[in-house]
Amino acid sequence: MTVTALPGFPRPVPRWRELGLLAVVAVTLLLGGLSLGTTRTGSLALAHPAGLATYLGALAAVHLALVLAGRRVDEVLLPTVGMLGGIGLLLAERLPQDLVVQRVGSATLGLASLQLIWLVLALAIAGSVAIAVRSDRWLRVYKYSWAALGLGLLLLTFVFGREVNGSILTLDLGPVSWQPSELLKVILVVFFAAYLAENRVLLADARVHVAGRLTLPPAPYLLPAALMLALALGIVVIQRDLGAALLFFSVFLCLFYLASGSKVDVLVGIALFLLGFAVLALVFATAHERVAIWLDPWSDPLGTGYQTIQALHAFARGGLLGTGLGAGLPAVAGQLPIPAVHTDFPLAALGEELGMTGVVAILGCYLVIVARGLRIAAGAADDVRALLAAGLALVIGVQAVIIAAGNLKLIPLTGITLPFISYGGSSLVVNGLVVGLLLAFSDRGPAPLAEPRPARRLGRQQA
Amino acid sequence: MDPLTLTVWAIRLAFLAALYLFLALVARTLLRDIRAASRDPAGALGRLVVVGSANLPAVGSVFLLDAITTLGRDLGSGVVLDDAFASARHAMLTFRGRGWYVEDLGSTNGTLVNGDRVTRATPMGFGDELQIGATRLRLERGIA
């Protein structure tokens, strides 16, 4: 079958691998919906069929758009993200719908409907960015403008932000509340990728001896690292947002290591961060409290340690295979055991209902995203694009690790979202943008021309 | 066990199995990609892409670079430039450990990196632009 291009349009490129993986995603999500519906109603039923159909339709639409656009971009990212988003949608459908309620006109939308709207919007952004972005010039040339914009966003939140749970994170724009730190993470990756690529050779080769065998890059090139440390700690101080600070600094260290190839620099960076964090934990009440909860939540089981303990119990109830979707989380006196389950503790809820088996699979999906990002970076033609791709994928991976480890009480809990699964408009939309950029940067250019077929001999044709 | 419990168990296990089927398929794709990449012959240290030129080489041509590559009008150069403003032995690109360096070999009209004149061995990052006479060449990573 030959596909001919419509006039004025590029030649469509079939994406069989992506289509196959999307089919598996559809089957998995339908099984999940069936599991939830059957547990809930007591007879064979599919939960929220309209929502699932809309979501799968949106995935198919993005796939079709990529085929028609004719760019040869990555075929694994979209199904992986689709799987994570679908699991998030199932979780949102499973949780009580009045966790989040928003009135739009006369209609009142609950958790699952809002999550579906944001997911479809995120997929639409990912698809259009993947198709429309042809060059990364606009990102790399204006790196200082982007950095200034990021700092401006931060200041804006500080001045006009609303305080939630002791952290100033949200900015109200009409009916939608927005978390600028989500967008800030993308802006910082762009800035550091462009900056580090520009100075890569100097960072690696022009080294200054400090003491003994310890060498560091010359001071002027360490300045952005110092600024980054100041920024990360500044966020903690001003906004009391430990998660964002940890995320920014980890991703910066990863990028710094990719650019300079020096393990010593990374170790020094980690040491500085731990030092700064220790000072903060001593000085600031929020940080101090988080660490205290982490060390011993049982000292105040009904107060500050409550959520963490309930999350641990949820994981314990789940065991190896889980209780099944819809069978966990027995409401205690009409109350949810974990109040922030849809934003900060989705992994605990999934750990209870899908068990360790399910949680490992979900973490595996994040690993796939990181692996794909690093593969795209390895194939990139220049340093800026390589660092951009690696940084964008690592932002998603590191964020998932930080919140997953927080849920499991491996590190102090920080209030950031689990990418693609947590409820939250800004998180979903920005992560959609990240996936779109990764897809755009994975473009392998136009397909090589096919070898001309050897012409058949005249004699054989007649025979 | 009543049939409903059995059905729910079957669906739950099928859901988890489908999750892992997805991961297995993705893992196979990733492995295939890596194998295909390692089979590719061109593991060059870098390449020069011509982005602007007076005569030859034509815009768009690509040179795979050896660890030491000379540029100039001389026919023995690694990259032969047919440019009136290029010297016979004009400049040299060397790969030293982690990155590329360019040095001017005493040319008449000089060598520019991103618009700045080269006076000594100057580091070049991937994506940087080298200008000799009217010829502009962009350094890119070798095909991975």
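Residues numbered from 1 in each chain as written. Chains lettered and ligands numbered in written order. Predicted model: local features only at pLDDT ≥ 70, side-chain atom pairs only at ≥ 80, totals over all residues.

### Topic: the sheet that holds strand β10 (residues 129–132) of chain B
Residue and element names in this part refer to chain B.
So, point 1. With respect to topology, six strands assemble into an open sheet ordered β2-β1-β11-β10-β7-β8, the strand pairing being antiparallel. In this open sheet, the two strands that pair with only one neighbour each are β2 (62–64) and β8 (116–117).
So, point 2. Bridge count for strand β7 (residues 111–113) against β10 is three bridges, and the pairing is antiparallel. Among the inter-strand pairings, Thr111 is bridged to a residue of β10, identified as Ile132. (Pairing = 2+ DSSP bridges. Helix = DSSP H or I, 4+ residues; strand = E, 2+ residues; numbered from the N terminus.)

### A short note on helix α7 (residues 180–198) of chain A
So, point 1. If you check α7 of chain A, its first and last C-alpha atoms are 27 Å apart, about what 19 residues at 1.5 Å a residue would give, namely 27 Å.
So, point 2. Within α7 of chain A, 17 of the 19 residues are buried, leaving the element largely enclosed by the surrounding structure. (Expected span 1.5 Å × (residues − 1). Buried ≥ 20, exposed ≤ 12 C-beta atoms within 10 Å, placed from the backbone.)

### Regarding the interface of chain A and chain B
So, point 1. Between chain A and chain B, the contact holds 41 residues from the first and 28 residues from the second.
So, point 2. Elements with a minimum of two residues in the side of chain A that touches chain B: α1 (16–41), α3 (77–94), α7, α8 (200–205), α14 (346–378) and α15 (383–407) of chain A.
So, point 3. In terms of residue count, the dominant contributor to the side of chain A that touches chain B is α1 of chain A (12 residues).
So, point 4. Within the side of chain A that touches chain B, the residues separate by chemical class into 21 nonpolar, 13 polar and seven charged. (Contact = placed C-beta atoms within 7 Å. Nonpolar A, V, L, I, M, F, W, Y, C, P; charged D, E, K, R; others polar.)

### As for unusual backbone geometry
So, point 1. Unusually for a residue other than glycine, His48 of chain A sits at a positive phi of about 50 degrees.
So, point 2. Its place among the elements puts His48 of chain A in the loop between α1 and α2 (49–69).
So, point 3. Unusually for a residue other than glycine, Asn114 of chain B sits at a positive phi of about 50 degrees.
So, point 4. Topologically, Asn114 of chain B is positioned in the loop between β7 and β8.

### With respect to the environment of Val50 of chain B
Residues and elements named next belong to chain B.
So, point 1. Turning to its location among the elements, Val50 is positioned in strand β1 (residues 46–52).
So, point 2. Separated by 83 residues in the primary sequence, Val50 and Gly133 place their C-alpha atoms 13 Å from one another.
So, point 3. Among all residues touching Val50, those that are not within four sequence positions of it are Pro57, Ala58, Val59, Gly60, Ser61, Thr135 and Leu137.

### So, the environment of Ala377 of chain A
Residues and elements named next belong to chain A.
So, point 1. As for its placement among the helices and strands, Ala377 is situated in helix α14.
So, point 2. Under the C-beta neighbour-count criterion, Ala377 is labelled buried, with 25 such atoms within 10 Å.
So, point 3. Distance in space between the C-alpha atoms of Ala377 and Ala389 is 5.3 Å, their sequence separation being 12 residues.
So, point 4. Excluding residues that lie within four positions of it along the chain, Ala377 makes contacts with Ala386, Ala389 and Ala390.

### Topic: the sheet that holds strand β4 (residues 79–80) of chain B
Two modes of strand pairing occur in sheets, parallel and antiparallel, and in both the strands are linked by backbone hydrogen bonds.
Residue and element names in this part refer to chain B.
So, point 1. If you trace the five strands from one edge of the open sheet to the other, you get β4-β3-β5-β6-β9, paired in mixed fashion. Each having just a single partner strand, β4 and β9 (122–124) make up the two edges of the open sheet.
So, point 2. Bridge count between strand β5 (residues 91–96) and strand β6 (residues 99–104): six bridges; the pairing is antiparallel. Bridge pairing links Thr94 to Tyr101 in β6.

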